[in-house]
Amino acid sequence: MGFSEARVNAAMKATGGSGLQPAMDWSPLTSVQMTLFAHADDPEPMDTDVAGESDPAAPAGQSNQPQNDDAITEDEATAQSLKCDDCGRLLRDAAAAEFHAVKSGHQNFSESTQAIKPLTEDEKKAKLEELRQKLALRKEEKRVQEIADSKVKEKVRRTTGKEMTDIKEKMAELEMKKLAEAKKREKEQDRIAKQRIKDQIELDKRDRAARAEKEKLERQGIQAPVATPVQAPVAVAASAAGPREYSEARIQLRLTAGGAITQVFKSSDPLSVVYEHVASQTGNAIGSFKLVQTFPRKVLDDQSKTLQELGLVPSAALIVQ
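Reading guide: rules and limits
Residues numbered from 1 in each chain as written. Predicted model: local features only at pLDDT ≥ 70, side-chain atom pairs only at ≥ 80, totals over all residues. Heavy atoms only, no water. Helix = DSSP H or I, 4+ residues; strand = E, 2+ residues; numbered from the N terminus. Buried < 20%, exposed > 50% of the residue type's maximum accessible area, 1.4 Å probe, protein only. Contact = heavy atoms within 4.5 Å. Salt bridge = Lys/Arg side-chain N within 4 Å of Asp/Glu carboxyl O. Pairing = 2+ DSSP bridges. Axes fitted to C-alpha atoms, helices over the stretch in contact; angles between N-to-C directions. Arc of directions from axis to C-beta. Phe/Tyr/Trp six-rings, centres within 6.5 Å; stacked < 30°, edge-to-face > 60°. Patch = residues over 30% accessible without salt bridge, like charges linked within 9 Å, V, L, I, M, F, W, Y side chains within 5 Å. Areas by Shrake-Rupley, 256 points an atom, 1.4 Å probe, with all protein chains shown as cover.

K.L.:
Residue-level account of the overall build of the protein, with values.
P.N.:
On a plain count of helices and strands, the protein comes out with six helices and eight strands. Along the chain direction, N to C, the helices and strands of the protein fall in the order α-α-β-β-α-β-α-α-β-β-α-β-β-β. Per-residue burial for the protein yields a buried fraction of 19% across its 321 residues. For the protein, restricting intrachain contacts to residue pairs at least 6 apart in sequence, the fraction spanning at least 24 positions comes to 56%.

Listed below in structure tokens is the structure:
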């Protein structure tokens, strides 16, 4: 069922354009609300019959306009939109209000009778272009920020890398100095040991010569003079200087398969500690190999003696056999 345009216009003018529901409830005849459906068969109203025009038959000072009790109040008006009470912005529907609340953080909303006009094609195009420009601006800002962050990270990486390189170089330099000092001490120990052997050989030669001379004189019936024992110069120098105490022993272990293992032990450690270290490095069981001193050549099998007692301090070279 439909209504004519004249009847709908009359209802809208009578209700002050308050909306569809007030127009449906409008009654031009009585103060009792009646619907348009009840007057569907009534004659078409004229424009002069609507509210706002006076009835000639009515008494002076009276008109056929509805009484104030039947007027549409603000509370009875139909809500056309939602309004943000925090910023005053009009929103088209609940979805727009929810998006606005998430974006702005505003929480206070109320219904509004003010209708929001739909956007024209030009306004839509302008709004779309504005959104595109904002999106492009945000992308550019993000790109610039990523470039700045990348530069900062690269700077930190280079600084950290340089510091690590400097630390490694210093550690390598210190290690080389330690190795050079240990090598120097080892050479000095080897020189002293060789000199001691030479002196011992010289002493043995003198002893053999003295015994031969004594035997010769005895065969000739001449009593040989009592010879005073001759000590090696190195031994005399060592006894004059006195023994030196070392707290560490740098042991170089040369493997028969090639290569060497260098480790620093305490001078008070027993020889068994060295055997255990060799076993852990080579995988050989203790008892399947021997440690041999190079100069003078000697097999070190008494694992209960300390490195100090075996004369392996401050440094020594051993062969793993």
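K.L.:
Would you mind going over the pattern of salt bridges in detail, with residue names and values included?
P.N.:
In total, this model carries nine salt bridges according to the counting rule given. Linking Arg157 and Glu154 is a salt bridge whose minimum nitrogen-to-oxygen distance equals 2.5 Å. In this pair, Arg157 and Glu154 are both assigned in helix H4 (residues 121-219), three residues apart and thus about one turn of the helix distant. Judged by relative accessible area, Arg157 falls into the exposed class, the value being 52%. Ionic pairing is found between Glu173 and Lys177, a salt bridge with its closest N-O pair at 3.9 Å. Of the two residues, Glu173 and Lys177 are both situated in helix H4; the distance of four residues between them amounts to about one turn of the helix. For Glu173, a relative accessible area of 44% corresponds to the partly exposed category. Looking at Lys177, the relative accessible area reads 45%, which means it is partly exposed. Among the charged side chains, a network of salt bridges with common partners joins Glu154, Arg157 and Arg158.

K.L.:
Mind laying out the sheet that holds strand E7 (residues 297-300), listing which residues take part and the relevant values?
P.N.:
Strand order in the open sheet formed by five strands is E5-E4-E8-E6-E7, with mixed pairing between adjacent strands. Every other strand in the sheet has two partners, leaving strand E5 (260-266) and E7 as the edge strands with one partner each. With direction set aside, neighbouring strand axes in the sheet form an average angle of 30°. Its contacts with the sheet put H4 on strand E4 (248-255) and strand E8 (315-320), and the angle it makes with E4 is roughly 85°. Across the sheet, helix H6 (residues 271-282) is in contact with E4, E5, strand E6 (291-294), E7 and E8; its angle to E5 comes to roughly 145°.

K.L.:
With reference to specific residues and values, describe helix H1 (residues 5-14).
P.N.:
Inspection of H1 places Arg7, Ala10 and Ala11 among the buried residues, and these make up the whole buried set. For H1, the angular spread of buried residues about the axis comes to 95°, placing them on one side. Facing away from the buried side of H1, by more than 90 degrees, are the exposed residues Glu5 and Lys13.

K.L.:
Could you give an account of the packing of aromatic side chains, naming the residues involved and the relevant values?
P.N.:
For the coordinates displayed, the defined rule picks out one aromatic pair. Between Tyr275 and Phe289, the ring centres sit 5.5 Å apart and the planes meet at 20°, which makes this aromatic pair stacked. Of this pair, Tyr275 sits in helix H6 while Phe289 sits in the loop between H6 and E6, and the two are 14 residues apart along the sequence. Assessed through its relative accessible area of 1%, Tyr275 is described here as buried. According to the relative accessible area criterion, Phe289 is buried, its value standing at 3%.

K.L.:
Tell me about unusual backbone geometry, and please be specific about residues and values.
P.N.:
Glycine aside, the phi torsion of most residues is negative, and most peptide linkages are trans. Backbone torsion omega between Val313 and Pro314 reads 0°, so that peptide bond is classified as cis. Topologically, Pro314 is positioned in the loop between E7 and E8.

K.L.:
With reference to specific residues and values, describe the pairing of strand E1 (residues 81-84).
P.N.:
Both E1 and strand E3 (residues 109-112) contribute to a ladder of four bridges, which runs antiparallel. Counted as the bridge partner of Cys84 is Phe109 from E3. Connecting E1 to the next strand, strand E2 (residues 90-91), in antiparallel fashion are five residues, including Gly88 with a positive phi near 80°.

K.L.:
Run through the sheet that holds E2, naming residues and quoting values.
P.N.:
Within a sheet, neighbouring strands are paired by backbone hydrogen bonds and run either parallel or antiparallel to one another. Read from one edge of the open sheet, three strands run E2-E1-E3, paired in antiparallel fashion. The sheet terminates laterally at E2 and E3, the two strands that pair on one side only.

K.L.:
Let's hear about a nonpolar patch on the surface: which residues, and what values?
P.N.:
Among the surface-exposed residues, Met164, Ile167 and Met171 lie close enough to one another that they form a single nonpolar patch of about 310 Å² accessible area. Tracing the backbone shows Met164 in helix H4. For Met164, a relative accessible area of 43% gives the class partly exposed.

K.L.:
Any details on the environment of Gln114? Residues and values, ideally.
P.N.:
Structurally, Gln114 is set in the loop between E3 and H4. Exposure remark for Gln114: the relative accessible area of 49% places this residue in the partly exposed category. Taking the C-alpha atoms as reference points, Gln114 and Leu82, separated by 32 residues in sequence, lie 8.7 Å from one another. Discounting chain neighbours no more than four positions away, the residues touching Gln114 are Gln80, Ser81 and Leu90.

Everything listed is a geometric property; what it means functionally is a separate question.
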